[in-house]
Amino acid sequence: MLLKTLVENTSISSSFQHKHGICFYIEVENHKILFDLGPNDLFIENAKKMNVDLKQIDTVIISHGHVDHAGALQSFLKINHQAKIYVRENAFEEHFNKFLGIQKNIGIEPKLKNHPQIILTQQQTIINDNMILFSNIKTKEFLPQANLSLYKKENNQFVLDDFTHEQSLIIKEGKKRILISGCSHAGIINIKNAAENLIKEKLTHVIGGFHLYNPVSHRYEKQEFINQLANQLKQQPIQYYTCHCTGQKAFNILKNHLQQQIHYLSTGSILEL
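On a predicted model such as this, the values are computed, not experimentally measured, just so you know.

Undergrad: Tell me about unusual backbone geometry, and please be specific about residues and values.
TA: You will see that N155, though not glycine, has its phi angle at about 50°, which is positive. Residue H244 is not a glycine yet carries a positive backbone phi of 50°. One can find H244 in the loop between β18 (239-243) and α6 (248-258).

Undergrad: Any chance you could break down the sheet that holds strand β2 (residues 23-28) for me, citing the residues and the numbers?
TA: One open sheet holds the seven strands; their spatial order is β8-β5-β4-β3-β2-β1-β20, and the pairing between them is mixed. Edge positions in the sheet fall to β8 (118-121) and β20 (270-272), since each of these pairs with one other strand and no more. For this sheet the average axis-to-axis angle between neighbouring strands, irrespective of direction, equals 20°. Direction of pairing for strand β3 (residues 31-35) relative to strand β4 (residues 59-61): parallel, over a ladder of three bridges. In the strand pairing of β4, I33 is matched with T59.

Undergrad: Can you lay out helix α5 (residues 223-233) for me, pointing to particular residues and giving the numbers?
TA: Where α5 is concerned, the buried positions are F225, I226, L229, A230 and L233. Each buried residue of α5 lies within a common arc of 135° when the element is viewed along its axis, so the set occupies one face. Contact partners of the buried residues in α5: α4 (188-199), β18 and α6.

Undergrad: Which residues make up the nonpolar core, and what values do they have?
TA: As a rule of thumb, soluble globular proteins bury nonpolar side chains together. Of all hydrophobic cores here, the largest spans 51 residues; its most connected members are F24, I26 and I207. The residues contacting I26, other than those within four sequence positions of it, are M1, L2, L3, H31, K32, I33, F35, I171 and I180. Core analysis: the second largest hydrophobic core is formed by 30 residues, V7, I44, I85 and I108 among them.

Undergrad: Lay out the pattern of salt bridges with the relevant residues and their values.
TA: For the coordinates displayed, the defined rule picks out six salt bridges. The partner of K49 in a salt bridge is E45, and the shortest N-O contact between them spans 3.4 Å. One end of the pair, K49, and the other, E45, are both in helix α1 (residues 42-49), four residues apart, so they sit about a helical turn from each other. Relative accessible area serves as the criterion here: at 30%, E45 is assigned to the partly exposed category. Its salt-bridge partner being K152, residue D162 comes within 3.2 Å of it at the nearest N-O pair. Within this pair, whereas D162 is found in the loop between β12 (157-160) and β13 (168-173), its partner K152 is found in strand β11 (residues 150-154), the two being separated by 10 residues in sequence.

Undergrad: Residues and numbers for the sheet that holds β12, please.
TA: Neighbouring strands of a sheet are bound in pairs by backbone hydrogen bonds; such pairs are parallel or else antiparallel. The four strands lie next to each other as β7-β6-β11-β12, forming an open sheet whose pairing is antiparallel. Here the strands that pair on one side only, and so sit at the sheet edges, are β7 (102-105) and β12. The mean angle between the axes of side-by-side strands here comes to 40°, regardless of whether they run parallel or antiparallel. As judged from the four bridges shared by strand β6 (residues 95-99) and β7, these two strands associate in the antiparallel manner. Each bridged residue has a counterpart across the sheet, and for F99 the counterpart in β7 is I102.

Undergrad: Could you give me a rundown of the pairing of strand β10 (residues 131-134), with the residues and numbers involved?
TA: In β10, alternate side chains face the same way, and those of M131 and L133 on one face and I132 and F134 on the other are all buried. Looking at chain direction, strand β9 (residues 124-128) and β10 are connected through four bridges and run antiparallel. Paired with T125 across the bridge in β10 is L133. Between the end of β9 and the start of β10, which pair antiparallel, lie two residues.

Undergrad: Any chance you could break down α1 for me, citing the residues and the numbers?
TA: Within α1, the full set of buried residues consists of L42, F43, I44, N46 and A47. Along its buried surface, α1 packs onto β1 (2-7), β2, β3 and α3 (73-79). After α1 finishes, the residue N51 shows a positive phi value of roughly 55°.

Undergrad: Describe the packing of aromatic side chains, listing the residues and the values that go with them.
TA: Per the stated rule, a full pass over the model turns up six aromatic pairs. Summarising the aromatic geometry, the rings of Y213 and Y220 are spaced 4.6 Å apart at their centres and angled 40° between planes, so their arrangement reads as tilted. Ring centres of F251 and Y264 lie 5.3 Å apart, and the angle between their planes is 75°; on these two criteria the pair is classed as edge-to-face. You can see F251 sitting in helix α6 and its partner Y264 sitting in strand β19 (residues 262-264), a full 13 residues away along the chain. Taking the relative accessible area as the measure of exposure, F251 reaches 9% and is therefore buried.

Cut-offs used in this document
- Residues numbered from 1 in each chain as written.
- Predicted model: local features only at pLDDT ≥ 70, side-chain atom pairs only at ≥ 80, totals over all residues.
- Heavy atoms only, no water.
- Helix = DSSP H or I, 4+ residues; strand = E, 2+ residues; numbered from the N terminus.
- Pairing = 2+ DSSP bridges.
- Axes fitted to C-alpha atoms, helices over the stretch in contact; angles between N-to-C directions.
- Buried < 20%, exposed > 50% of the residue type's maximum accessible area, 1.4 Å probe, protein only.
- Arc of directions from axis to C-beta.
- Contact = heavy atoms within 4.5 Å.
- Core = buried A, V, L, I, M, F, W, Y, C linked by side-chain atoms within 4.5 Å.
- Salt bridge = Lys/Arg side-chain N within 4 Å of Asp/Glu carboxyl O.
- Phe/Tyr/Trp six-rings, centres within 6.5 Å; stacked < 30°, edge-to-face > 60°.

Quick look at the structure:
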């Protein structure tokens, strides 16, 4: 598997602009995939620099209905007219963050829900024999406190988001079992365990944000929480590649525990598994 980071909060050099969000280009046998698109057109600029032809993309996965992961959906649809775009059925509902009593809409364009390239996914969607999407995480271990600032609108009322619009991807390739998550609002431990229960196998790699940093309040999860999370992640010989909402400070704490088990993906980085 080949993964190129087209958009992330940081970059490997000044050659690449960066932005709060995620866009991964993923190459597997017979498929060229974008996992999330980032907030704006930056993914287009960086795709050119990293020799990614966006017209050749055949599959797009939108991890959840927040603008930093899917704000560029309209732009992608103008470039590519054949990719299948997999989105949770409720990702197009209104989503908000709340800080100091002020709500800000962070949802994605609801009109795009009816676009012919959009495929609305259920709690489990099999793309093919080697790629599975899943959501509806039941367990509640190590849930990020940053979730408490995220809301949705239900019956014209603001209610805490339950993240049923979030989905993750499992890729099977040879002996590798790879989990890719966007922000892991449901908790990376819960998502990891759900993935392993679904495929009845142990994961070899986990890629994505762990949601240990709140970009609105600029607060991290407590160090004790991050330490305990690291101890849980260490229980298995998984290689972790994190980014985005994990945050640099939290990553450094995780790195101290996990050493060569964990790595950071910045804009411009290339990963071959």
